[in-house]
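# Summary of structural features
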Amino acid sequence: MAVDKNRIYLFDTTLRDGEQLPGISLSTREKLEIAEQLARLGVDVIEAGFPITSQGDFEAVSTIAKKVREPIIAALARAVDADIDRAAEAIKEAEHSRIHTFIMTSDIQIEHQLRKTRDDVLKMAVHAVERAKSYVEDVEFSPMDATRSDFDFLCRVLDAVIESGATVVNIPDTVGYATPGEFGKLIADLINAVPAMKDVVVSVHCHNDLGMATANALAAIMNGAMQVEGTINGLGERAGNTALEEIAMILDTRGKTLGKYTNIRTEEISRTSRLVSNLTGYQVQPNKAIVGRNAFAHSSGIHQDGVLKERLTFEIIDPKKVGISESSLILGKTSGRHAFRKHIESLGYQLDDDELESAFLRFKDLADKKAEITDVDVEAILADEVRTASNIFTLEYIHVSSGTDTMPTATVRLRKNGKVIEKTSTGDGQVDAACKAIKRATGVKGQLISYNVSSITEGLDAQGDVTIQLEIDGKPVLGRGVSTDIIEASAKAYLNAINKALSI
Ligand code: KIV
Ligand code: ZN
């Protein structure tokens, strides 16, 4: 079959590089929900995790491998036998599977981190690819810190791993150091210097430390890269990775000039971004390209006037193209269970009967308080149901009182294994009192690192969306909660963080 050199493959590593961010700790159920949405979005490869790192990661990768059929499911492994064997075990039931193995190739990392020689690294890389190849046909190899590696050594390693059976060679800018001109040239030079690279998929993996991850990936595409690795919302180690939604929309919007395309269903971009943000707890910065709240909001009078007369005056992308519909009013007060179930199925959520009933009651409650209910509101409720599905403690009731001359006081009632625990506390404010009452009821001490509240939609009746970062037993953990009442949303977020810490 002829290979279309203009088709760019997207490799999503939200569940691996993205999950390395402090505070993110996704359950298997949450990871599966994200993987299923990534499949609907049309990514070509899902890196589902790093199975050797924990039993939880192993289980999540194998569940995704069993259930998500269309994309290739990749598992990460260092260039050591135990990692490769564990990765192979995790993906053995996938319809399309890949082992992604890596080793550092820059002298600084070889000497100071691996404490080995270049020759050792070369042998380990070859052995790792051969071992991975004994399990699966599709093997990806990454020379970590490639952009700071010696060029000739990098060429030797790439040549050797392709000879050993690697089907994809991925060039990572691990520390986000490259500039677009340099990175594009590196890809072109490697393809020229290592003839075997013409027979495999050349991939790139860029970090965003200098804010150039997307620009670097694009420069690589224009110099022969066929696969781009990245994440939704640009999540990832430190400043993150290339945001895949940006690559997809660059190639879609500027396709005529660039001559490249992806198989992404762009209408799924917004929903994917919201799901990832809802479940990881990482809110999207408002001015983020493509998926930020302000990405399609025109505030200057001249721009608004222009867009009203002709959208193209100031808008290069039709918001509908990324799944933002103009009229998103979807269900009302009178909608019944059946309509609600059908609608949430169309949003791609899979809830069991109890979760569905609970989500429906919350929807009815919201419909009493809020004039217009949109998909974004319903998704926030559904994500909250997924987040709280395997909670150890659940919040049954909260009562808060305060006033100008009254000490803020909160009472919470939690349930754990059928047992009810009720505690009261005072605090500096209502949120503080609620969190202290939860601290007493759970017996879990967390130090508050950050607190953020925003609204899910516009209007005074909007649902509040609270993200709380706690440090529990020295580890950061993020919690999120939504409600039309921000004190309740805060209590839910605080309890969500505690539940996550308890299940790590
Ligand atoms: O940044 C990096 O080098 C990585 C590798 C595992 C590809 O994440
Ligand atoms: Zn990375």
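Our structure's up above, just so we're on the same page.
What you see is a predicted model; the values in this text were computed from it and never measured. For every chain, the first residue of its written sequence is number 1, and the numbers climb from 1 along that sequence. Here every chain gets a letter starting at A, and every ligand a number starting at 1, in the order they are written. Residues qualify for local features only when their pLDDT is at least 70, as the model is predicted, and side-chain atom pairs are given and counted only at 80 or more; totals for whole chains, interfaces and linings, by contrast, use all residues. With hydrogens and water excluded, all non-hydrogen atoms of the structure serve as input to the side-chain values.

### A short note on the overall build of the protein chain
Scanning the protein chain from terminus to terminus reveals 17 helices and 16 strands. In terms of C-alpha radius of gyration, the protein chain reaches 24 Å, essentially the compact-globule figure of 23 Å for 504 residues. Counting only C-alpha atoms and orienting by the principal axes, one finds that the protein chain spans roughly 75 × 60 × 40 Å. Contacts are assigned to residue pairs with any non-hydrogen atoms lying within 4.5 Å of each other. Considering only intrachain contacts with a sequence separation of at least 6, the fraction spanning at least 24 residues in the protein chain is 66%. The way it works is that DSSP assigns letters per residue, a run of H or I at least four long becomes a helix, a run of E at least two long becomes a strand, and they are numbered from the N terminus. Two things to know: the radius of gyration comes from C-alpha atoms, and the globule rule equals 2.2 Å times the number of residues to the power 0.38.

### Points about the coordination of the zinc ion (ligand 2)
Coordination shells were defined by N, O and S atoms within 2.8 Å of each metal, extended to 3.2 Å for Na, K and Ca; water is absent from the atom set, which can make sites look incomplete. For the zinc ion (ligand 2), the full set of protein donor atoms is Asp17 (OD), His205 (NE2) and His207 (NE2), and the range of their distances to it is 2.0 to 2.2 Å. Binding-site remark: the zinc ion (ligand 2) is held by donors from one chain whose sequence spacing is D-x187-H-x1-H. By relative accessible area, His207 is classed as buried at 4%. Residue burial is assigned from relative accessible area. The probe radius is 1.4 Å, only protein chains are included, and a residue is buried under 20% of its type maximum, exposed over 50%, and partly exposed in between.

### Details of the pairing of strand 13 (residues 419–426)
We treat two strands as partners when DSSP finds at least two bridges between them. Judged from the eight bridges that link them, strand 12 (residues 406–416) and strand 13 form a sheet pairing that is antiparallel. Looking across to strand 13, one finds that Leu414 is bridged to Ile421.

### Details of the sheet that holds strand 6 (residues 168–173)
The strands that make up a sheet pair up through hydrogen bonds in the backbone, lying either parallel or antiparallel. Strand order in the closed barrel formed by eight strands is 1-2-3-4-5-6-7-8, with parallel pairing between adjacent strands. On average, each strand axis in the sheet is tilted by 25 degrees relative to the strand beside it, whichever way the strands run. In this sheet, strand 3 (residues 72–78) lies alongside strand 2 (residues 45–49) in parallel orientation, the contact comprising four bridges. Pairing of Val45 across the sheet is with Ile72, part of strand 3. Structural elements are reduced to axes, namely lines fitted to C-alpha atoms, with helices fitted over the stretch in contact, and the angle between N-to-C directions of any two is expressed from 0 to 180 degrees. Contacts from helix 4 (residues 107–114) reach strand 4 (97–104) and strand 5 (139–144), with the element oriented near 85 degrees to strand 4. Along the sheet, helix 9 (residues 244–253) contacts strand 1 (9–12) and strand 8 (227–230); its crossing angle with strand 1, the most-contacted strand, is approximately 165 degrees.

### Focus: the state of the cysteines
Cysteine sulfurs are considered disulfide-paired once they come within 2.5 Å of each other. Overall, the coordinates contain zero disulfides when judged by the stated rule. Cys206 forms no disulfide, and the closest cysteine sulfur to it belongs to Cys155, at a distance of 18 Å. Its relative accessible area of 0% is what places Cys206 among the buried residues.

### Structural notes on the pattern of salt bridges
Criterion for a salt bridge: a side-chain nitrogen of Lys or Arg within 4 Å of a carboxyl oxygen of Asp or Glu. Applying the stated criterion to the full structure yields 43 salt bridges. Residues Glu95 and Arg69 are paired through a salt bridge, measuring 3.3 Å at the closest nitrogen-oxygen approach. Here Glu95 is found in the loop between helix 3 (81–90) and strand 4, whereas its partner Arg69 is found in the loop between helix 2 (55–67) and strand 3, with 26 residues between them in sequence. On the basis of relative accessible area, Glu95 is assigned to the partly exposed category, the value being 47%. For Asp138, the salt bridge goes to Arg98, with nearest N and O atoms at 2.9 Å. Highlighted residues: Asp138 in the loop between helix 5 (118–133) and strand 5 and Arg98 in strand 4, separated in sequence by 40 residues.

### Quick notes on helix 7 (residues 180–193)
Because an α-helix completes one turn every 3.6 residues, residues spaced three or four positions apart along the sequence face the same direction. Relative to the 20 Å expected for 14 residues at 1.5 Å per residue, helix 7 spans 20 Å between its end C-alpha atoms, a close match to the ideal helical length. All of the buried residues in helix 7 are Phe183, Gly184, Leu186, Ile187, Leu190 and Ile191. For helix 7, the buried positions fall inside an angular range of 155 degrees around the axis, keeping them on one side. Facing away from the buried side of helix 7, by more than 90 degrees, are the exposed residues Gly181, Lys185 and Asn192. Elements that come into contact with the buried residues of helix 7 comprise helix 6 (151–163), strand 6, strand 7 (201–206) and helix 8 (213–221). One less than the number of residues in a helix, times 1.5 Å, gives the span that helix is expected to have. Arc, as used here, means the arc of the directions from the helix axis to the C-beta atoms.

### Quick word on the packing of helix 1 (residues 28–41) against helix 11 (residues 269–280)
The N-to-C vectors of helix 1 and helix 11 enclose an angle of 165 degrees; their axes lie 10 Å apart at closest approach. Considering their axes alone, helix 1 and helix 11 lie roughly antiparallel with respect to each other. The handedness of the crossing between helix 1 and helix 11 is left-handed. For the pair helix 1 and helix 11, contact is made by Glu30, Glu33, Ile34, Gln37, Leu38 and Leu41 and by Ile269, Arg271, Thr272, Leu275, Val276 and Leu279, respectively. Three classes are used, and their members are as follows: Ala, Val, Leu, Ile, Met, Phe, Trp, Tyr, Cys and Pro are nonpolar, Asp, Glu, Lys and Arg are charged, and the others, Gly among them, are polar. Residues of the contact of helix 1 with helix 11, tallied by class, amount to seven nonpolar, two polar and three charged. Should an angle fall under 35 degrees it is taken as roughly parallel, and over 145 as roughly antiparallel, whereas 65 to 115 is taken as roughly perpendicular and any remaining angle as oblique. Working rule for handedness: look at the near helix, and if it is turned counterclockwise from the far one by less than a right angle, call the crossing left-handed; if clockwise, right-handed.

### What about the environment of Leu478?
Inspection of the secondary structure assignment puts Leu478 in strand 16 (residues 475–483). Residue class for Leu478 comes out buried when judged on its relative accessible area of 6%. Between the C-alpha atoms of Leu478 and Thr262, which are 216 residues apart in sequence, the distance is 33 Å.

### Some points on the site of ligand 1
Near is defined per residue: the residue qualifies when any heavy atom it owns lies within 4 Å of the molecule or strand. What surrounds ligand 1 is the set Arg16, Asp17, His100, Phe102, Ser142, Met144, Asn170, Pro172, Thr174, His205 and His207. Pairs of N or O atoms are called polar contacts if they sit within 3.5 Å, as long as, within protein, a hydrogen donor faces a hydrogen acceptor (for residues adjacent in sequence, only side-chain-to-side-chain pairs). Side-chain polar atom of Thr174 to an oxygen atom of ligand 1: 2.7 Å apart, as the coordinates give it. Between His205 and ligand 1, the recorded distance is 3.1 Å, taken from a side-chain N or O atom to an oxygen atom. The fraction of the free accessible surface of ligand 1 (260 Å²) that becomes covered by protein chains is 96%. For the shell around ligand 1, the secondary-structure elements that each account for two or more residues are strand 4, strand 5 and strand 6. Partitioning the shell around ligand 1 into residue classes produces three nonpolar, six polar and two charged. Only the protein chains shown count as covering a residue, and every accessible area follows the Shrake-Rupley method with a 1.4 Å probe.

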